[in-house]
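One-letter residues, chain by chain:
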Amino acid sequence: MSDATIPVSVLILTKNEEHDLPGCLQSVSWCDDVHVYDSGSTDRTLAIAEQHGAQVTQRTYPNSTAPFGGDESAHKNWGLRHIGFKHPWVLMLDADERTTPELLAAMREHCTEHSPAAAYRIHRRDHFMGTWIRHVTPSPFNIRLVRPDAIHFERIINPITVVHGDTLELNAHFNHFPFSKGMSHWFAKHNGYSTYEAKHILDTRQAQPRYEWRKALFSKDANERRVHQKGLYYQLPLRPLVMFLGLYVGKRGFLDGRAGFVYAVLRAIYEYMIVLKVEELEHTAR
C-alpha cells in the first residue's frame, strides 16, 4: 500500500498560523484529503493552506475575541460533524505538530476497516530548547487518530476527548514544537488559556460541588473518573509547587537537563496564573 492510499484524512486547526503551517502541511503531503479548519485568521494562514492544496473551512466568531469563540470543545465538535472527510479515519493536528515516517507506517498497518478501535492514542514528542524533553511533559500520549463519528470533546479549553468505543495505542509518535513562535507567544497564549481554565474551574465547582477520591480512583465510568480527578487536583494546596515537583521529580524531568528544569518552572507558572485568576474571580463574585 502506498502512502497516498492510507485511508486517513488530516484535520489541522489554525488561527494565525502562517509561521508553523507550512511545515505541518509538508509533513502531511502523503495525505490526499487535508483539511485546514480555521477560526478567524487575519494573517496568511488561509493563503498558505490553499497554496498547498488543502481544503479550507473557516468558522469565525465575530462576537468573541476568545480562542475558538470561548469554547474549544464546541469548535472541534462542529468540525468533526460538518466537514466532509474522504476517509473513515481522521488524524487531528495542530500547526506546530509534524507527522513522522513511524506514524505513517503504523497508520498504514492499523487503519483498516477491520480495526476494533474507535480511536488511537499516539505518543507526542515535545521539543524545547533544541531537544526532545522526554520525561518532563505531563501527558505524552494523545488521542489524535479517530473515527469522527465515534468521539466528542468536553471542556471549554484544553478539551477532554470522549471516545464511544475502544481506544488502542499506536507504537509511533508525532513531533510537537510548542515554543516555535518564541517565549513571548507561549506566555501570551497561556495567559489566555489560564483565564478560561479559571472560569471552567468555578463553573465546574458550581455544577459539581463535591468530589470523591473513591470515584476518582475506582469509577468504571472514565468520564466520571476524570471529572473527580480534576476536581480533587484543583483543590490541592500549593498547586504550582505540586506541578513542579510532579514534573521535575516525579516524572524525572531532571533527566532532560536544563530544558526539563525550565519547562517544569514554566508549567508551575502557568498553574499559578490559574490559581491567581480563580482567586480574582471569587473575589469579584463576592
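Numbering of residues starts from 1 in every chain and runs along the sequence as written. With pLDDT at 70 or above as the cut-off, local features in this predicted model cover only qualifying residues; side-chain atom pairs require 80 or more to be listed or tallied, and sums for whole chains, interfaces and linings still use all residues. Hydrogens and waters are ignored; side-chain quantities use all the structure's heavy atoms.

This part covers the nonpolar core. Buried Ala, Val, Leu, Ile, Met, Phe, Trp, Tyr and Cys residues form a nonpolar core when they are joined through side-chain atoms within 4.5 Å. Burial here depends on accessible area, computed with a 1.4 Å probe over protein chains only, as a share of the maximum for the residue type. Under 20% is buried, over 50% is exposed, and the range in between is partly exposed. Grouped together as the largest cluster of nonpolar side chains are 41 residues, with contacts concentrated most on Leu-11, Leu-80, Met-92, Phe-128, Val-146 and Ile-151. Contacts between residues were defined by any pair of non-hydrogen atoms, one from each residue, lying within 4.5 Å. Setting aside residues no more than four positions away along its own chain, Leu-80 makes contact with Leu-11, Phe-85, Met-92, Pro-148, Ile-151 and Phe-153. Of all hydrophobic cores here, the second largest spans 31 residues; its members include Leu-21, Val-28, Trp-30 and Leu-91.

Attention now moves to the side chain of Asp-96. Only DSSP runs of H or I covering at least 4 residues are called helices, and only runs of E covering at least 2 are called strands; the numbering of each starts at the N terminus. Along the polypeptide, Asp-96 turns up in the loop between β4 (89-94) and β5 (97-98). We treat Lys and Arg as the positive residues and Asp and Glu as the negative residues; His and chain ends play no part in the count. Any Lys or Arg side-chain nitrogen found within 4 Å of a carboxyl oxygen on Asp or Glu counts as a salt bridge. For the buried residue Asp-96, which engages in no salt bridge, the nearest side chain bearing the opposite charge is Lys-189, 4.9 Å off. The term polar contact refers here to a pair of N or O atoms within 3.5 Å; inside protein, the definition further demands a hydrogen-donor-capable atom paired with an acceptor-capable atom, and it admits residues adjacent in sequence only when both atoms are side-chain atoms. Of note is the side chain of Asp-96, whose polar atom sits 3.2 Å from the side chain of His-176. Setting aside anything within four residues of it in sequence, one finds Asp-96 in contact with Asp-20, Asn-175, His-176, Phe-177, Pro-178 and Ser-180.

Attention shifts here to the pairing of strand β6 (residues 119-128). Counting buried residues along β6, seven of its ten residues qualify, which places the element largely inside the surrounding structure. Judged from the five bridges that link them, β6 and strand β8 (residues 141-146) form a sheet pairing that is antiparallel. Residue Arg-121 lies in a different strand from β8, and its bridge partner there is Ile-143. Relative to strand β11 (residues 167-176), β6 runs parallel, the two being bridged by seven bridges. Directly across from His-123, in β11, lies its bridge partner His-173. Pairing geometry for β6 and strand β7 (residues 131-132), over two bridges, is antiparallel. Paired with His-127 across the strands is Trp-132, a residue of β7. Two strands qualify as a pair provided DSSP detects at least 2 bridges between them.

A separate point is the side chain of Asn-142. As for its position among the elements, Asn-142 is in strand β8. Apart from residues no more than four positions distant in its own chain, Asn-142 is found in contact with Tyr-120, Arg-121, Ile-122 and Arg-124.

Before going further, it helps to examine a nonpolar patch on the surface. Among the surface-exposed residues, Leu-236, Leu-238, Leu-241, Val-242, Leu-245 and Val-249 lie close enough to one another that they form a single nonpolar patch of about 510 Å² accessible area. In this structure, Val-249 sits in helix α8 (residues 239-250). Among the residues examined, Val-249 registers a relative accessible area of 48% and is labelled partly exposed. Patch definition: residues with relative accessible area over 30% and no salt bridge; like charges joined within 9 Å; nonpolar side chains (Val, Leu, Ile, Met, Phe, Trp, Tyr) joined within 5 Å. Per-residue and other accessible areas follow the Shrake-Rupley method at a 1.4 Å probe size, with only the shown protein chains counted as cover for residues.

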